[in-house]
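The primary structure of each chain is shown beneath.
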Amino acid sequence: MQNNPLLSIKGLSVSFEENGKRVQALNTVSFDIPEGKTVCLVGESGCGKSVTARSILRILDSNADIDAGSMVFRSSGGTDVDLAAFKATAPELRRVRGNEITMVFQEPMTALSSFHTIGNQIIEAVRQHSTMSEAEARARTLDVLNAVGMPDAEARLDAYSFELSGGQRQRAMIAMALATNPRLLVADEPTTALDVTTQAVTLELMRDLQARFGMSILFITHDLGVVAEMADEVVVMYLGEVVERGPAERIFKAPKHPYTRALLEAAPHYDRRREGRLPVIPGTVPPLAQRPKGCVFVTRCAYAIAGRCDEARPPLLPGDTQSQCFFTAAELDARAKTAPAAPVLDRAPEPRAAPKGAVLKVEGVSKHFVKKAGWFGRASRAVRAVSDVSFELREGETLGLVGESGCGKSTLGYTLAGLHETTGGRIRLRRDGRLDDITHLTEDERRKVWQDMRMVFQDPFASLNPRMSVFDIVAEPLRVGPRRISDSARLTARVHDVLDKVGLDPVLADRYPHAFSGGQRQRIGIARALAPNPKIIVADEPVSALDVSVQAQILNLFRDLQREFSLTYLFVSHDLNVVSNIAGRVAVMYAGRIVEIADTAQIYYAPRHPYSAALLSAVLTPEYQPGRPPRQRLRGQPPNPANLPPGCAFAPRCPFATDLCRTTVPPLEADGEGRLTACHRKAEIELSGLRETAEVGDAPRRALPVRDREAAHDPVS
Amino acid sequence: MTADIQNAALPPLTAPIGPRPVVERTSYGMLIWRRFLRHRLGVLGGIITVAIYVVALFCEILAPTDPEAISPRALYTPPQMLRLVSTAEDGSIRVHPHVLGYTSSVDYNSGQRSYEPDPDKVIELGFFVEGTPYKLWGLIPWDRHFIGTVDPREQVFFFGTDRLGRDVFSRTIYASRVSMTIGLIGVTLSLVLGIIIGGASGYFGGWVDVAIQRVIEFLQSLPSIPLWIGLAAAIPASMSPIHTYFLITVILSILGWTGLARIVRGKFMALKNEEYVIAARLDGCRPPRIILRHMVPNFLSHIIAVVTLAIPGMIIAETSLSFLGIGLRQPVVSWGVLLQEAQNLRSIAAAPWLFAPGGAVVIAVLALNFFGDGLRDAGDPYAK
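Residues numbered from 1 in each chain as written. Chains lettered and ligands numbered in written order. Predicted model: local features only at pLDDT ≥ 70, side-chain atom pairs only at ≥ 80, totals over all residues. Heavy atoms only, no water.

1. What to know about the overall build of chain B
What chain B contains, in helices and strands, is twelve helices and four strands. Taking 2.2 N^0.38 as the reference for a compact globule, 384 residues should give roughly 21 Å; the C-alpha atoms of chain B span a radius of gyration of 28 Å, well beyond that estimate. Of all intrachain contacts in chain B linking residues separated by at least 6 positions in sequence, the fraction that spans at least 24 positions is 64%. About 19800 Å² of surface is accessible on chain B, with carbon and sulfur atoms providing 67% of the total. Positive and negative charge centroids in chain B, built from 31 and 28 side chains respectively, lie 11 Å apart. (Helix = DSSP H or I, 4+ residues; strand = E, 2+ residues; numbered from the N terminus. Rg over C-alpha atoms; globule rule 2.2 N^0.38 Å. Contact = heavy atoms within 4.5 Å. Areas by Shrake-Rupley, 256 points an atom, 1.4 Å probe, with all protein chains shown as cover. Lys, Arg positive; Asp, Glu negative; His and termini not counted. Charge placed at Lys NZ, Arg CZ, Asp CG, Glu CD.)

Below you can see the structure in the form of structure tokens.
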């Protein structure tokens, strides 16, 4: 720890009142933020990272209280201010808040006012803390907007937040936070709501600004890839306590606390070694009201010893990193070595099975939403959400569908599931040995299809009816429809069986969804999908809303169920790490079209479409790589599906675009080895994906800059 | 506790220790009820509302006397205050419920009769005393009154008397039955109409929705009071009071359903896009089952709150109509009918206690509003 840190938090304890009871949100949290460095606060839901951020700025809810501790901030006048000592509305704090310590929030849409222009909001922040006139403040705002790389900043001054894209809104928020030249920027999950490519650009921007303005950043995130990208120091939190803290390199290379180790092991990673089952942390984060006695991690720790770890709070062990555990790293390693060998479950990658028949054939499917405009609805614009998509889903495989937000992957999933009527094309499903056309069916006929093709939704909180018990939710497909079970004893038996298979105790079947955690609710959703014994499951971002350790559990569950019930998955996701773990083949979507389909390894290590290469280049993995080569920057935004450019939709952003690309849409064609690629220049350009490592270690694994073979004179790339 | 999924690389060296996470048992309905109980004004409103309905239910027992009984010698007498303690001449203190009788005197110059409470005239009161016989709910004959004079030949007027010497307190209590239930019946009719029409509008959308919304907008743009007056005037005066009563409720519901229909439509449209409703469709449910089993339970609490807030509107509407003389009429008593007595300034100046039914309206409306607010806040997931 630096000798004179910018912000020194010692023993901070915060509690709040819930349902008449006092709940401890933070328990003696201590860490320092050095000057000019980035400290990443990592943890899963309920760990208290947002509470910590809000405590620093003293913007906690009214039912929260700071029970103890100090937060000494070295303010610009040279004086030290203890942020915890004052009332939240005290003038000493108001001088610091928004001025020397500023905050960037997760959701820029809700954090920016829709009623004021961007310029007005930033000008207000500037004038609040200085004596500038309106004109001077406006000039300063323009400077800051240019500094954050806002395109056409002069025009954006008078734009409203809903007129900007997600990335631009986040830049506006960052500009507002920087306008007063703060010494500490608190960023609460600022890139979680952004696309992968936008996230890469935003993080690079923040690092750049940090160097230029010399400020410290407290970066709060749950994404270990982002931590690896941004952090100089890392603070790992669990259930309101700091369990480990130290320099980023040490945390990633030699984590000491069992939770940190388990978290790094459980994070899905595109590395081929991880194609097997993910090592998971058993159980779930206990709710704050049920904080365990002793060490907070005792209920899930592989090294916990009864009588020691559940009695007293462990001390903070000194060292490279400081870990709050009874055991040193050496002791943990020794115990792990002497442990009985773990049951090795399918460690080797699954042998490529003989290609089975197609169970679902998608031929030229399009879905356009026609918006009627004008007096009698004559003039109309089409939102081309999905255009001319063709692929085959083979029996027993998992096809990953990746793309960024707005590319149409969810619409495609819904259309294939039969919730939307197609605008064009054909969908055929294998039933009783025949391929039946299921494109245009009556609702009754669709109900039969829906017994075979089920869906798992993204949001575990919104996809379960809050008024129905778990039993009723899972039993519903068995109570209606062609496969209904009329005998109530058999129905109960089937429901309990399915619940057991997804890892839920059938005893809990009479409870209601609100009593369960996110991961458990997703299991209920999977049970509901499984109940009528389907053949295909369309999973629409099923793990995106879950914590990292829970993601690993659910991904393992998907694998186990696939093996046990011979299921076929269409797995839609924006997270390339997750998809690499579970999918055998991957289809990449952009602006409503599939641009590439290939085996997972082929796409990740040797992509053939420039967009795939750009996506891979932006992926963040939880590995510490300080000396990586610079990332390829993808300029611009995805096109508006209501206003697609003629020709290839990626042409405006593609470094290899030619006139042909701009006029003609490239067809999805066979490209050897069973791959399909939609690019006019696929034979000419050479792209690099992620580099394979020969051995376990810390060799950098970054996408190399793309190279145009025709233009390359230098053989070394 | 979730069954532990095999941990492939980090086997548990020890069995999991520490408390297992508890999965609570309560249903969603119980959650809403608990949230409601924390809203103190709502609970108070609820208690008072229930109390008023109990009064309306048992009004024959609770009223001290017959509301139509005329006392020619006690016209416009002021209210008599309930006293509990009296001091006898020898200084002893007795605790007994009683009121003081009046001595009246006439001022021959102005012709005004004035009443003074007379400490010598002690009218004993008792609970469950014998009094004027009645038929509870028109069926059960009885003669016990919750509170009344011990001596059946005497009278007690807690709210004073009106121009015919009738007990305003008893009349107010009897009137609560009509005023509170006309609200209920009117709202039920509006609710049924609103759910069916608004539900169809919201679930089916398209031209059905467009057509229904235009009808609603047309109805809402009609000026309500002249419309009510016109419709009420169309009721022949020769109709029996009960028939008039029902026709008034129908009239009130004709315009009242539009607001509820809009709310139901909004809720349907919002719920249609919820993922669990889509999941229900994928499960194979048909629209009736989707609506009744999956959607209705989710907006029922909101509808209950809206209905609870609509009842006061009905009460005030009926009170206004009857006050203007075009709603209910004698011999049916409602608070509005009673307030007709307070229509001219002279009677107000002489007998301000004739406003007591107005006070009852205010209390009932406030209580229902607080109750409805509490219910709505409890059912609304976004309220803090």
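2. Concerning the overall build of chain A
Secondary structure assignment for chain A yields 22 helices and 24 strands. The C-alpha atoms of chain A give 27 Å as radius of gyration, which agrees with the globular expectation for 717 residues (27 Å, within 12%). Along the three orthogonal principal directions, the C-alpha set of chain A runs to about 80 × 65 × 60 Å. Of all 717 residues assigned to chain A, the portion counted as buried reaches 57%. Of the contacts made within chain A by residues no fewer than 6 positions apart, 67% connect residues no fewer than 24 positions apart. In the structure as shown, chain A presents an accessible area of about 28800 Å², 50% of it carried by carbon and sulfur atoms. If you average the places of the 89 positive and of the 86 negative side-chain charges in chain A, the two averages end up 2 Å apart. (Buried < 20%, exposed > 50% of the residue type's maximum accessible area, 1.4 Å probe, protein only.)

3. Remarks on the sheet that holds strand E15 (residues 398-402) of chain A
Residue and element names in this part refer to chain A. One open sheet holds the eight strands; their spatial order is E18-E19-E20-E15-E21-E22-E24-E23, and the pairing between them is mixed. Edge positions in the sheet fall to strand E18 (453-456) and strand E23 (669-670), since each of these pairs with one other strand and no more. Note that E18 and strand E19 (residues 536-540) share four bridges and pair parallel. Note on E19: the bridge partner recorded for Arg454 is Ile537. (Pairing = 2+ DSSP bridges.)

4. Looking at the side chain of Asp452 of chain A
Within the element layout of this structure, Asp452 of chain A appears in helix H14 (residues 443-452). Setting aside its immediate chain neighbours within four residues, Asp452 of chain A contacts Arg431, Arg483, Asn533, Pro534, Lys535 and Ile536 of chain A.

5. Let's talk about a nonpolar patch on the surface
Residues and elements named next belong to chain B. On the surface, Leu189, Leu231, Met239, Leu247, Val250 and Ile254 cluster together to form a nonpolar patch covering roughly 400 Å² of accessible area. Take the nonpolar patch: its biggest share by element is three residues, from helix H7 (residues 241-272). You can see Leu247 is positioned in helix H7. (Patch = residues over 30% accessible without salt bridge, like charges linked within 9 Å, V, L, I, M, F, W, Y side chains within 5 Å. Salt bridge = Lys/Arg side-chain N within 4 Å of Asp/Glu carboxyl O.)

6. A closer look at the pattern of salt bridges
Should the charged atoms of two oppositely charged side chains come close, the side chains can pair. Per the stated rule, a full pass over the model turns up 55 salt bridges over all chains. A salt bridge links Arg313 of chain A to Glu241 of chain A, with the nearest nitrogen and oxygen atoms 3.0 Å apart. Taken together, the residues span a long stretch of sequence, with Arg313 of chain A in the loop between helix H11 (258-266) and strand E11 (316-317) and Glu241 of chain A in strand E10 (residues 241-247) at a distance of 72 residues. Taking relative accessible area as the criterion, Arg313 of chain A reaches 33% and is therefore assigned partly exposed. Accessibility expressed as a relative area gives 2% for Glu241 of chain A, which makes it buried. Measuring nitrogen to oxygen at the nearest pair gives 3.4 Å for the salt bridge that ties Asp151 of chain B to Arg153 of chain B. Judged by its relative accessible area of 25%, Asp151 of chain B is partly exposed. Among the charged side chains, a salt-bridge network with shared partners connects Arg494, Asp497, Lys501 and Glu564 of chain A.

7. A look at the packing of aromatic side chains
Residues and elements named next belong to chain A. In this structure the tally under the stated criterion is 21 aromatic pairs over all chains. An aromatic cluster is defined as three or more aromatic residues linked by ring pairs; in this entry it consists of Tyr238, Tyr259 and Phe297. Just above the ring of Phe327 sits the side chain of Arg335; from NZ or CZ to the centre is 5.1 Å. Sitting above the plane of the Phe369 ring, Lys367 keeps its charged end 5.0 Å from the centroid. (Phe/Tyr/Trp six-rings, centres within 6.5 Å; stacked < 30°, edge-to-face > 60°. Lys NZ or Arg CZ within 6 Å of the ring centre and 35° of its normal.)

8. Things to note about empty space enclosed by the protein
Residues and elements named next belong to chain A. Summed over all chains, the structure comprises 16 cavities of 30 Å³ or more. Around the largest cavity, the lining is made up of 15 residues, and of these Pro610, Cys648, Cys654, Cys661 and Cys679 lie nearest the centre. Residue composition of the lining of the largest cavity, grouped by class: twelve nonpolar, two polar and one charged. When its volume is computed, the second largest cavity comes out at roughly 80 Å³. (1 Å grid on protein atoms, 1.4 Å probe; cavity = no way out; pocket = protein on both sides within 12 Å on 5 of 7 lines; lining within 4 Å. Points joined across faces, edges and corners; volume = space filled by probe spheres on them. Nonpolar A, V, L, I, M, F, W, Y, C, P; charged D, E, K, R; others polar.)

9. Re the confidence of the model for chain A
Residues and elements named next belong to chain A. Of all residues in chain A, 91% have pLDDT values of 70 or greater, and the mean over the chain is 84. Long-range and interchain partners of residues 344-349, a stretch whose pLDDT sits below 50, account for seven contacts in this model, where long-range means more than four residues apart. For residues 693-717, every residue scores under 50 in pLDDT, and the model assigns this stretch 49 contacts once sequence neighbours within four places are set aside. (pLDDT = per-residue confidence, 0-100.)

10. Comments concerning the sheet that holds strand E4 (residues 64-74) of chain A
Residue and element names in this part refer to chain A. Read from one edge to the other, the open sheet built from four strands follows the order E2-E1-E4-E5, with strand pairing classed as antiparallel. The open sheet is flanked by strand E2 (21-33) and strand E5 (80-82), the only strands paired with a single partner. Strand after strand, the sheet turns through a mean of 10° between neighbouring axes, direction not considered. In the sheet, E4 pairs with E5 via three bridges, with the strands oriented antiparallel. Counterpart to Val72 in the pairing with E5 is Asp82. (Axes fitted to C-alpha atoms, helices over the stretch in contact; angles between N-to-C directions.)

11. Details of helix H21 (residues 610-618) of chain A
Summarising burial for H21 of chain A: nine of the nine residues are buried, a large majority. Summarising the contacts, the buried residues of H21 of chain A are in contact with helix H8 (196-213), helix H19 (576-582), strand E21 (585-590), strand E22 (593-599) and helix H20 (600-605) of chain A.

12. Observations regarding the packing of helix H2 (residues 40-57) of chain B against helix H12 (residues 356-379) of chain B
Residue and element names in this part refer to chain B. The geometry of H2 relative to H12 is characterised by a closest axis approach of 7 Å and an angle of 135° between their N-to-C directions. By the angle between their axes, H2 is oblique relative to H12. Considering only the axes of H2 and H12, their crossing is left-handed. Facing H2, whose interface residues are Leu41, Gly42, Gly45, Gly46, Ile48, Thr49 and Ile52, H12 presents Ile363, Ala364, Ala367, Leu368, Phe370, Phe371 and Gly374. Tallied by class, residues from the contact of H2 with H12 come to nine nonpolar, five polar and no charged. (Parallel < 35°, antiparallel > 145°, perpendicular 65-115°, else oblique. Left-handed = near helix turned anticlockwise from the far one by under 90°.)

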